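Commentary on secondary and tertiary structure
The chain contents come next:
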Amino acid sequence: MTLAIIAKLERVLALKNYFVRQGASEFGLQQNHAEILIYLSQANKYSDNARALTKYLGITKGSVSQSLALLEKKTMIERTINPRDKRSSKLKLTLSGRAALKHIENIIPETFEKLEAVIPTSDPMLETILHELQIEQGLKSFGICSGCKFHTLLKGGNLRCGLTEEVLSQNDAQKICAEYEAAV
Ligand code: SF4
């Protein structure tokens, strides 16, 4: 039963990857470049850096550096000094990076959106399974901020990260974070 479900999910993923590769190639990019654009569009302010990206993709630092250099050359991403740590940089999509990502997303057939009805991205059970699998493999969780044990709703509706003690916006709450820890 489990293997049958996994096989179906793998097939769906393989088809999704086919469309991502097709869209990326129109910009002279490979699938991993597109995955970086997708990641940076979803990463929060603690995760928009090369270190977190390397952990998320599970590939070597050298490979990430090469991919970032190419995306910078194509002016799809830009680096800024990280105000929390002047030795590191923050990575951000430029307008042309966003346009490329939009194009790639548009190539993925709408049929894939039906998956959200079956597996909602904010489903707590999915988060739990993903968390357990990643912990078992010694990987970081990279969950959505709103499900993190440090995510705090203050009186008056403001949000705060209990780890960094910083205020979070509603937008931050919907993004993925390298420091995420499941609230279970
Ligand atoms: S609450 Fe958790 S997921 Fe959200 S920013 Fe803080 S550490 Fe990251």
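Residues numbered from 1 in each chain as written. Predicted model: local features only at pLDDT ≥ 70, side-chain atom pairs only at ≥ 80, totals over all residues.

1. Structural notes on the overall build of the chain
Tallying secondary structure elements over the chain gives 8 helices and 5 strands in all. Reading the helices (α) and strands (β) of the chain from amino to carboxyl end gives α-α-α-α-β-β-α-α-α-β-β-β-α. Compactness check: the chain gives a C-alpha radius of gyration of 17 Å against a globular reference of 16 Å for 184 residues, within 12% of the reference. Each of the three principal axes of the chain carries a C-alpha extent, and together these read 50 × 45 × 30 Å. Taking all contacts inside the chain whose residues are at least 6 apart in sequence as the whole, residues at least 24 apart take part in 56%. (Helix = DSSP H or I, 4+ residues; strand = E, 2+ residues; numbered from the N terminus. Rg over C-alpha atoms; globule rule 2.2 N^0.38 Å. Contact = placed C-beta atoms within 7 Å.)

2. Thoughts on the domain arrangement of the chain
For the chain, the assigned domains are domain 1 (1-118) and domain 2 (121-184). Domain 1 and domain 2 are separated by 20 Å when their C-alpha centres are compared. Listed by partner, the interface residues are 10 residues for domain 1 and 10 residues for domain 2. Sort the elements by how many residues they give to the side of domain 1 that touches domain 2 and helix α3 (residues 50-57) lands first, with 3 residues. Split into classes, the residues belonging to the side of domain 1 that touches domain 2 amount to 4 nonpolar, 3 polar and 3 charged. (Domains from an automatic or database assignment. Nonpolar A, V, L, I, M, F, W, Y, C, P; charged D, E, K, R; others polar.)

3. Quick word on the pairing of strand β1 (residues 77-82)
Strand direction decides the pairing type here: β1 and strand β2 (residues 85-93), joined by 6 bridges, are antiparallel. Among the inter-strand pairings, T80 is bridged to a residue of β2, identified as K90. In this structure, the hairpin formed by β1 and β2 is closed by a connection of 2 residues. (Pairing = 2+ DSSP bridges.)

4. Points about the nonpolar core
Grouped together as the largest cluster of nonpolar side chains are 28 residues, with contacts concentrated most on L37, L40 and I77. Per-element tally for this core: the top contributor is helix α2 (residues 31-42), with 4 residues. With sequence-adjacent residues up to four places away left out, I77 is seen in contact with L40, L68, L71, E72, L91, K92, L93, T94 and G97. (Core = buried A, V, L, I, M, F, W, Y, C linked by C-beta atoms within 7 Å. Buried ≥ 20, exposed ≤ 12 C-beta atoms within 10 Å, placed from the backbone.)

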